[in-house]
Amino acid sequence: QVQLVESGGGVVQAGGSLRLSCAASGRTFSSYGMGWFRQAPGKEREFVASLRWSGASIYYADTVKGRFTISIDNAKNTVYLQMNSLKPEDTAVYYCAAARRPILGRLTNDYDYWGQGTQVTVFS
């Protein structure tokens with residue numbers, strides 16, 4: 001059973017930084033694709049970033065490119081999302097997702113497993 005547990009959310013002033021973590025367990029993830037999504041109140045869940053577990057390829061949404069960095073620590077089976085220069089419009093619940101194929105998915109349907117989410121609030 002795959003489990004994804006996010007942590008690291010919080011409240012931060014605009015311009016600040018947060019690092020989200022997604023601890024993955026229950027499988028060998030070397031052939032998986034991993035992604036981060038977010039959902040603001042009243043809005044659809046939207047893609048943020050994705051990478052292959054090998055780390056060979058990475059893809060970002062235009063809205064976060066240059067500010068967010070997705071990475072993996074294989075020894076800890078953990079995926080990170082470093083978020084810098086945060087803006088109020090980044091406020092959302094952030095979700096980690098895993099796909100059983102090594103894809104760079106941008107759609108929620110690309111992913112097979114989801115974490116419970118962690119809240120990020122950015123105030124101006």
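One can find the structure itself at the top, above this paragraph.
Residues numbered from 1 in each chain as written. Predicted model: local features only at pLDDT ≥ 70, side-chain atom pairs only at ≥ 80, totals over all residues. Heavy atoms only, no water.

Draft legend 1. Structural view of unusual backbone geometry. A positive phi angle, close to 50 degrees, is found at N77, a residue other than glycine. The topology assignment puts N77 in the loop between β7 (68-73) and β8 (78-83). According to the relative accessible area criterion, N77 is partly exposed, its value standing at 25%. (Helix = DSSP H or I, 4+ residues; strand = E, 2+ residues; numbered from the N terminus. Buried < 20%, exposed > 50% of the residue type's maximum accessible area, 1.4 Å probe, protein only.)

Draft legend 2. Highlighting the environment of R27. Position of R27 relative to the elements: it lies in the loop between β3 (18-25) and β4 (33-39). Judged by relative accessible area, R27 falls into the partly exposed class, the value being 41%. Taking the C-alpha atoms as reference, R27 lies 14 Å from V79; in sequence the two are 52 residues apart. Here R27 is in contact with Q1, V2, Y32, N77 and Y113, once residues within four sequence places are set aside. (Contact = heavy atoms within 4.5 Å.)

Draft legend 3. Focus on the sheet that holds strand β1 (residues 3-7). Spatially, β1-β3-β8-β7 is the arrangement adopted by the 4 strands of the open sheet, whose pairing is antiparallel. Each end of this open sheet is capped by a strand with a single partner; those strands are β1 and β7. Direction aside, the axes of adjacent strands within the sheet are offset by 15 degrees on average. Two elements, β3 and β8, share 6 bridges in a ladder whose sense is antiparallel. (Pairing = 2+ DSSP bridges. Axes fitted to C-alpha atoms, helices over the stretch in contact; angles between N-to-C directions.)

Draft legend 4. Local environment of the state of the cysteines. Under the criterion given, the structure shown has 1 disulfide. With its sulfur 2.1 Å from that of its partner, C22 forms a disulfide with C96. With the S-S dihedral at roughly -75 degrees, the linkage between C22 and C96 falls on the left-handed side. Of this pair, C22 sits in strand β3 while C96 sits in strand β9 (residues 92-99), placing them 74 residues apart in sequence. Judged by relative accessible area, which is 0%, C22 ranks as buried. Looking at C96, the relative accessible area reads 0%, which means it is buried. (Disulfide = S-S within 2.5 Å.)

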